Amino acid sequence: MTARVALVTGGTRGIGEAISVALRDAGYRVAANYGGNEQKAREFTERTGIPAYRFDVASFEDVRHGMTKIEHDLGPIEIIVNNAGITRDGVLHRMDFEQWNEVIQTNLASCFNTCRVAIDGMRARGFGRIVNIGSINGQAGQYGQVNYAAAKSGIHGFTKAMAQEGAGKGVTVNAIAPGYIDTDMVRAVPPNVLEKIVAKIPVGRLGKAEEIARGVLFLVADDAGFITGSTLSINGGQHMY
Ligand code: NDP
């Protein structure tokens, strides 16, 4: 059997890079998407040999074009890891509509965009694996993140609804809810705030991107067909959901 093709959105750095590399190492043919950081994407491809595709996951048309190109280059996309995400933090009473909307479009509408483009093919072939990267802050909420928490919480609902629709067609849909992982996103948190966060993590440290990738590999496997509609919390024991 030809190796399955996997799309990892935001797959060129941070958690996405670790997911792309883990999938490549497991024999999948990987396409890593990115939003605009050309230099990071170029370095990523040089380092890993994985092709990088630039498109804005918040735009349905961009996603459609990008995924068509990937399918032309590599073949039908059978696995999607919806990982691209951003933060635009601020308390609600100081948040403007742009901050709200950008996060909802990039973190949540993106899941609709990629899945909508791929779903017909997955249903026709009787196989698909979708993994949506949520967040502990979508489960618990977080001060200063109504936009991010709403988007990530929405991902969990999206996952369960789509899982029900795909179940009879071999398409599984699951979410991973990472806790705090050592990436650029978390490095942007002020050190004094980060110190307080780490103090609340039972294992006593930030997670590693590779520890999220491990969960993705588990969920996308061919023999994971009975796991659907689940959320896997990978958070060092923080909040025992
Ligand atoms: P990073 O900020 O390190 O990387 C984000 C990735 O998403 C980059 O590849 C970036 O591309 C891409 N991206 C951003 N916006 C777009 C867009 N509009 N279109 C396409 N690609 C885009 O993030 P992390 O690795 O930390 O986070 C990955 C995911 O995990 C996110 O969904 C995040 O919310 C989630 N998460 C992270 C946690 C953490 O502690 N780090 C905790 C819980 C969840 P480019 O390089 O071009 O900018």
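All of these numbers come straight from a predicted model, not from anything done at the bench.

1. Details of the overall build of the protein
In step 1: If you tally the helices and strands in the protein, you get 9 helices and 7 strands.
In step 2: Relative to the 2.2 N^0.38 estimate, which gives 18 Å for 241 residues, the radius of gyration of the protein is 17 Å and therefore close to what a compact globule would have.
In step 3: Its C-alpha atoms give the protein principal-axis dimensions of about 50 × 40 × 35 Å.
In step 4: Put simply, 71% of the contacts in the protein that link residues at least 6 apart link residues at least 24 apart.

2. Overview of the sheet that holds strand β2 (residues 29-34)
In step 1: Pairing is parallel across the open sheet formed by 7 strands, whose spatial order is β3-β2-β1-β4-β5-β6-β7. Each end of this open sheet is capped by a strand with a single partner; those strands are β3 (52-54) and β7 (231-234). Direction aside, the axes of adjacent strands within the sheet are offset by 20 degrees on average.
In step 2: As paired strands, β2 and β3 are joined by 3 bridges and run parallel to one another. Considered in β3, the bridge of Y34 is made with R54.

3. Description of the site of the ligand
In step 1: In the region of the ligand, 31 residues are neighbours, and G10, G14, G35, G85 and T183 sit closest.
In step 2: Every element with two or more residues in the shell around the ligand is listed here: α1 (14-25), β2, α4 (97-125) and α7 (184-187).
In step 3: The class makeup of the residues in the shell around the ligand is 12 nonpolar, 15 polar and 4 charged.

4. Thoughts on the environment of G75
In step 1: The topology assignment puts G75 in the loop between α3 (60-74) and β4 (77-82).
In step 2: When the 13 C-beta atoms within 10 Å are taken as the criterion, G75 is described as partly exposed.
In step 3: Taking the C-alpha atoms as reference points, G75 and A3, separated by 72 residues in sequence, lie 9.9 Å from one another.
In step 4: When residues no more than four places from it in sequence are discounted, the contact partners of G75 are T2 and V5.

5. Description of the UniProt feature "domain: Ketoreductase" (unreviewed entry) in the protein
In step 1: UniProt tags residues 4-179 as "domain: Ketoreductase" (unreviewed entry).
In step 2: For residues 4-179, the end-to-end C-alpha separation is 29 Å, with 53% helix and 19% strand making up the annotated structure.

6. Concerning the nonpolar core
In step 1: In this structure, A6, I19, I212 and V216 are the most contacted members of the largest nonpolar core, which totals 59 residues.
In step 2: A total of 7 residues in this core trace back to one element, the largest contributor, which is α4.
In step 3: In contact with V216, other than residues within four places in its own chain, are I19, A22, V81, V131 and I176.

7. Section: the confidence of the model for the protein
In step 1: Per-residue pLDDT for the protein has a mean of 96; in total, 99% of the residues score no lower than 70.
In step 2: When pLDDT is averaged over each element of the protein, strand β1 (residues 5-8) comes out on top at 99 and α7 at the bottom at 88.

8. Quick notes on the packing of α3 against α4
In step 1: Orientation of α3 relative to α4, taken along the N-to-C sense of each, is 45 degrees, at an axis distance of 9 Å. In terms of orientation, α3 and α4 fall into the oblique class. In this structure, the crossing between α3 and α4 has a hand that is right-handed. On α4, the residues that touch F60, V63, R64 and M67 of α3 are N113, T114, V117 and A118.

9. What about the pairing of β4?
In step 1: Here β4 lies mainly inside the structure; 6 of its 6 residues are buried.
In step 2: Inspection of the sheet shows β1 paired to β4 by 4 bridges, in the parallel sense. Across the sheet, the residue bridging to V5 is I77, located in β4.
In step 3: Chirality of the crossover, the property in question, places the unit of β4, α4 and strand β5 (residues 128-133) among those that are right-handed.

10. A look at the packing of α4 against helix α6 (residues 146-166)
In step 1: Between α4 and α6, the shortest axis-to-axis distance is 8 Å and the interhelical angle comes to 15 degrees. In terms of their interaxial angle, α4 and α6 are classed as roughly parallel. As α4 packs across α6, the resulting crossing turns out to be right-handed. Residues Q99, W100, V103, I104, N107, L108, C111 and C115 of α4 pack against N147, Y148, A150, A151, K152, G154, I155, F158 and M162 of α6.
In step 2: A class-by-class count of the residues in the contact of α4 with α6 yields 12 nonpolar, 4 polar and 1 charged.

Procedures and definitions
Residues numbered from 1 in each chain as written. Predicted model: local features only at pLDDT ≥ 70, side-chain atom pairs only at ≥ 80, totals over all residues. Helix = DSSP H or I, 4+ residues; strand = E, 2+ residues; numbered from the N terminus. Rg over C-alpha atoms; globule rule 2.2 N^0.38 Å. Contact = placed C-beta atoms within 7 Å. Pairing = 2+ DSSP bridges. Axes fitted to C-alpha atoms, helices over the stretch in contact; angles between N-to-C directions. Near = placed C-beta within 6 Å. Nonpolar A, V, L, I, M, F, W, Y, C, P; charged D, E, K, R; others polar. Buried ≥ 20, exposed ≤ 12 C-beta atoms within 10 Å, placed from the backbone. UniProt positions renumbered as here; feature names shortened; annotations may be inferred. Core = buried A, V, L, I, M, F, W, Y, C linked by C-beta atoms within 7 Å. pLDDT = per-residue confidence, 0-100. Parallel < 35°, antiparallel > 145°, perpendicular 65-115°, else oblique. Left-handed = near helix turned anticlockwise from the far one by under 90°. Right-handed = clockwise from strand over helix to strand, strands pointing away.

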